[in-house]
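So you can see what is in the structure, the chains are spelled out below.
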Amino acid sequence: MAVLPLLLLALAAPPPSVAVLGLESGSGARAHEAVASAIDDRDDLNLVSTRAWLAGARRGGLRGQAALAPAAIPKVAPLARADAVLVLSLVGKGRARQVHAALMDPGGRELWASDAPLVRGAVTEEVSMELAGRVAASLQPAPPRPAAPPPAAEPVPLPPVPPAAPPPAPAPAPLAALEAAPLRIALGVPLTWRSQSLGPAATPLEYRTNTPYLGVALDLALAPMRLREGTRAPGWAQPLELDLQLSQRFLSSKLPDGRSLGSSEGRASLDLVAPVTLATRTRLDARVGYGFHRFSIDSNPYLPASSRRGLRLGLDATQPLTRWLAIEAGVRYMPWMSPGGDEKAAFGETASGHGLELVAGVRGPLAFARGLGWSAAYDYLRFSDTYSGPAAILPGEGATTGYHAAVLSLTYDR
């Protein structure tokens with residue numbers, strides 16, 4: 001009868017809490033993220049976040065790298081309420097580089113250690129789930145021993161007890177599709193509305209597209225320092241990415257006099273991106289680059305073609321909500337994207353302008369194909385211009401042009 005209270009106590013106890021230390025940044029950051037996510041996805045384990053571990057370290061008087069070192073485990077683990085700590089490190093060189101995982105108890109004593117290959121800066125989903133399963137198996141309470149039979153009783157042979165089945169593996173967590181990858185391709189279809197206001201604010205000439213127009217958009221993000229294993233580069237340079245964005249959109253423009261003209265919109269940009277992943281798994285991308293925008297239209301007495309180019313500055317944020325969904329938001333500022341020659345000839349010899357772009361959306365992986373995913377986003381691009389000098393057509397001094405777009409894309413990560 002003593003077994004029943006012990007079983008009830010075990011069922012009522014919360015799952016063991018595990019912290020993951022090591023490889024928080026640099027070339028092994030994606031391996032850390034994959035292992036931590038696999039532990040977090042299990043029902044029989046609780047993940048102690050990096051933020052909670054650092055908070056415990058501060059209470060113990062440790063800060064910086066000293067708080068994340070294995071030597072800090074005996075002091076920080078009780079404060080962070082960690083029942084065990086999985087320490088990750090890189091061993092080997094070049095293509096033979098591996099992730100060394102060691103499970104430590106709260107006193108800093110090693111329980112077991114294992115090595116796994118590093119594949120494109122990360123570990124595979126199978127390896128991360130296997131490590132999480134081994135951690136869970138190591139921290140399960142030992143079953144109570146059966147009571148010995150009374151001395152006078154005749155020993156009764158018991159049937160053999162089948163070995164306990166291992167706990168079922170959790171459903172694959174395709175977080176790799178939500179995190180940074182060395183190569184990411186997105187092919188999308190934008191649905192765009194264009195509006196333009198010309199002239200003084202009191203009596204502007206308004207131009208809008210009555211129906212949205214379609215196009216095609218390509219986004220290619222490449223991390224050269226992480227694409228091939230064994231690439232020698234400083235730690236600060238390894239996360240850097242190049243992001244190339246191209247799109248072409250086609251529409252039939254209707255002028256104020258009722259005529260329909262052919263027109264198109266083209267965009268191109270190349271940005272250098274510096275990503276940073278926070279303890280909350282929020283990814284921030286600071287970007288700087290150069291962009292080009294062109295609106296072409298058949299010759300008419302109302303609207304000239306528009307061409308502009310210049311520096312781009314931006315910041316993006318991505319936050320995973322579940323293993324299947326992440327939200328995104330971004331802003332781009334183009335401080336010197338002034339009107340081109342056609343607009344200057346039409347509205348004023350001297351012109352200045354700037355652009356602003358806002359992006360918000362969601363994305364996630366496709367369950368039936370590894371590496372494939374989807375994204376849906378709203379994109380708003382706005383140019384504000386000021387003219388001076390003799391105007392060829394309009395008496396106004398400024399123009400505002402806006403592009404609203406809904407973009408649905410198919411993505412691929414590797």
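Residues numbered from 1 in each chain as written. Predicted model: local features only at pLDDT ≥ 70, side-chain atom pairs only at ≥ 80, totals over all residues. Heavy atoms only, no water.

Draft legend 1. Representation of the overall build of the chain within the structure. The helix and strand inventory of the chain stands at 8 helices and 16 strands. Residues classed as buried in the chain amount to 42% of the 414 residues present. Sequence-distant contacts, at least 24 apart, represent 62% of the contacts inside the chain between residues at least 6 apart. When the accessible surface of the chain is summed, it comes to about 21800 Å², and 64% of that surface belongs to carbon and sulfur atoms. (Helix = DSSP H or I, 4+ residues; strand = E, 2+ residues; numbered from the N terminus. Buried < 20%, exposed > 50% of the residue type's maximum accessible area, 1.4 Å probe, protein only. Contact = heavy atoms within 4.5 Å. Areas by Shrake-Rupley, 256 points an atom, 1.4 Å probe, with all protein chains shown as cover.)

Draft legend 2. Quick peek at the pairing of strand E4 (residues 98-104). Counting buried positions over the 7 residues of E4 gives 5, a clear majority of the element. In the sheet, E4 pairs with strand E5 (residues 110-117) via 7 bridges, with the strands oriented antiparallel. Counted as the bridge partner of Val99 is Ala116 from E5. Joining the antiparallel neighbours E4 and E5 is a turn of 5 residues, in which Gly108 adopts a positive phi near 90°. (Pairing = 2+ DSSP bridges.)

Draft legend 3. Representation of the packing of aromatic side chains within the structure. Applying the stated criterion to the full structure yields 1 aromatic pair. Seen from the ring of Trp112, Arg134 lies directly overhead, with NZ or CZ sitting 4.1 Å from the centre. Residue placement shows Arg308 over the ring face of Phe383; its charged tip is 4.4 Å from the ring centre. (Phe/Tyr/Trp six-rings, centres within 6.5 Å; stacked < 30°, edge-to-face > 60°. Lys NZ or Arg CZ within 6 Å of the ring centre and 35° of its normal.)

Draft legend 4. Highlighting the side chain of Asp219. Mapped onto the elements, Asp219 comes out in strand E8 (residues 213-222). For Asp219, which is buried and forms no salt bridge, the nearest opposite charge comes from Arg184, at a distance of 4.8 Å. Not counting chain neighbours up to four residues away, the residues in contact with Asp219 comprise Arg184, Ile185, Ala186, Asp243, Leu244 and Gln245. (Lys, Arg positive; Asp, Glu negative; His and termini not counted. Salt bridge = Lys/Arg side-chain N within 4 Å of Asp/Glu carboxyl O.)

Draft legend 5. Focus on the confidence of the model for the chain. With 81% of its residues at a pLDDT of at least 70, the chain reaches an overall mean of 82. Within the chain, the lowest mean pLDDT, 48, falls on helix H1 (residues 3-12), and the highest, 97, falls on strand E13 (residues 325-334). Across residues 6-11, where pLDDT falls below 50, the model places 1 contact with residues more than four positions away in sequence or in other chains. (pLDDT = per-residue confidence, 0-100.)

Draft legend 6. Examining the sheet that holds strand E3 (residues 84-91) more closely. On the basis of which strands lie adjacent, the open sheet formed by 5 strands has the order E2-E1-E3-E4-E5 and mixed pairing. Strand pairing shows two members of the sheet lacking a second neighbour, strand E2 (46-48) and E5, which therefore form its edges. Averaged over neighbouring strand pairs, the angle between their axes works out to 25° when direction is ignored. (Axes fitted to C-alpha atoms, helices over the stretch in contact; angles between N-to-C directions.)

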